[in-house]
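# Observations on the model geometry
Each chain, letter by letter, is given below.
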Amino acid sequence: MKVSFEEIGHLSATFECDQASVGQVCKVTANGKVAPCVDGENFCGIIESVRKGAAGVQLHGFAEVKYSGSAPALGFSNLQSNGTGGVKAAGTRSYLVVSVDAVNHTAMIEL
């Protein structure tokens with residue numbers, strides 16, 4: 001049986017964005033504007049699309065993120081940006097981690 005969390009509670013918004021890539025975690029930098037996080041920062045969402053100075057950002061729901069370093073623990077784990085677009089197990093903000101793929105270094109988290 002395949003379990004799927006995609007699209008549960010999904011909420012996205014469009015922000016201004018100068019430079020970003022799909023899949024990166026991001027932060028709010030100014031009114032209505034986001035940018036990719038640097039290492040050690042808390043993130044507000046994941047960039048889903050980029051077009052003509054705008055980015056679609058997933059703010060809530062389940063999303064797959066790339067991680068570096070040790071795999072996040074299942075259940076509630078503290079996560080923050082790893083500086084390369086993904087996350088690492090660190091920081092003070094907790095996210096629900098429902099699955100980890102140690103081969104591809106991805107985790108399914110609830111934003």
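Above this text is the structure in question.
Throughout, a residue's number is its position along its own chain's written sequence, starting from 1. In keeping with the predicted nature of the model, local features appear solely for residues at pLDDT of at least 70, side-chain atom pairs appear and are counted solely at 80 or more, and the whole-chain, interface and lining totals rest on all residues. Heavy atoms from the whole structure form the basis of all side-chain values; hydrogens and water molecules are not counted.

### What to know about the sheet that holds strand 6 (residues 62-66)
The test is simple: Strand pairing is assigned whenever DSSP detects at least two bridges linking the two strands. Strands are runs of DSSP state E lasting at least 2 residues, helices are runs of H or I lasting at least 4, and numbering of each runs from the N terminus. An axis is simply a line fitted to the C-alpha atoms; with a helix, the fit covers only the stretch in contact. Between two such axes, the angle follows the N-to-C directions and lies from 0 to 180 degrees.
A sheet is described by the order of its strands in space; here 4 strands give the open sequence 6-9-8-7, paired in antiparallel fashion. The sheet terminates laterally at strand 6 and strand 7 (75-81), the two strands that pair on one side only. Taking each pair of neighbouring strands and ignoring which way they run, the sheet shows an average axis angle of 55°. As judged from the 5 bridges shared by strand 6 and strand 9 (residues 106-110), these two strands associate in the antiparallel manner. The partner of K66 across the bridge, within strand 9, is T106.

### Brief notes about the nonpolar core
For clarity, the cut-off: Nonpolar cores are built from buried Ala, Val, Leu, Ile, Met, Phe, Trp, Tyr and Cys residues. Side-chain atoms within 4.5 Å join them into one set. Any residue under 20% of the maximum accessible area for its type is buried, any over 50% is exposed, and the rest in between are partly exposed; the area is computed with a 1.4 Å probe on protein chains only. By the convention used here, residues are in contact when the closest approach between their heavy atoms is within 4.5 Å.
Within the largest apolar cluster, 14 residues are counted, with the highest numbers of intra-cluster contacts made by F43, L79, V87, I109 and L111. For this core, the elements supplying multiple residues, two or more each, are strand 6, strand 8 (87-101) and strand 9. In contact with L111, other than residues within four places in its own chain, are F43, G45, I46, Q58, L59, H60, G61, A63 and Y95.

### A look at the side chain of Q58
Quick note on the threshold: We call two N or O atoms a polar contact when they sit within 3.5 Å, provided that within protein one can donate a hydrogen and the other can accept it, with sequence-adjacent residues counted only if both atoms are side-chain atoms.
Position of Q58 among the secondary structure elements: in strand 5 (residues 54-60). Judged by relative accessible area, Q58 falls into the buried class, the value being 6%. Only 3.5 Å separates the side chain of Q58 from the side chain of H10, close enough to count as a polar contact. A polar atom in the side chain of Q58 sits 3.0 Å from the backbone oxygen of H60. Not counting residues within four places of it along the chain, the set of residues in contact with Q58 comprises H10, L11, S12, C44, G45, I46, E48, A63 and L111.

### Side note on the environment of K88
Position of K88 among the secondary structure elements: in strand 8. Since its relative accessible area comes to 23%, K88 is described here as partly exposed. Each C-alpha atom of the pair K88 and T14 lies 25 Å from the other, and the pair is 74 residues apart in sequence. Not counting the four nearest positions on each side in its chain, K88 is found in contact with D39, G40, S68, N78, L79, Q80, S81 and N82. A polar atom in the side chain of K88 sits 2.8 Å from the side chain of D39.

### A few points about the pattern of salt bridges
Let me state the cut-off plainly: By definition here, a salt bridge exists when the distance from a side-chain nitrogen of Lys or Arg to a carboxyl oxygen of Asp or Glu is within 4 Å.
One pass over the full model with this rule turns up 3 salt bridges. One salt bridge connects D39 with K88, and the closest N-O pair in it is separated by 2.8 Å. Taken together, the residues span a long stretch of sequence, with D39 in the loop between strand 3 (33-36) and strand 4 (45-51) and K88 in strand 8 at a distance of 49 residues.

### Examining the pairing of strand 5
Across the 7 residues that make up strand 5, a large majority, 5, are buried. Across 6 bridges, the pairing between strand 1 (residues 11-16) and strand 5 is antiparallel. From the neighbouring strand, E16 faces strand 5, where its bridge partner is A54. Here strand 4 pairs with strand 5 via 5 bridges, running antiparallel. From the neighbouring strand, V50 faces strand 5, where its bridge partner is A55. Here strand 4 hands over to strand 5 after 2 residues, with K52 in that stretch at a positive phi of 45°.

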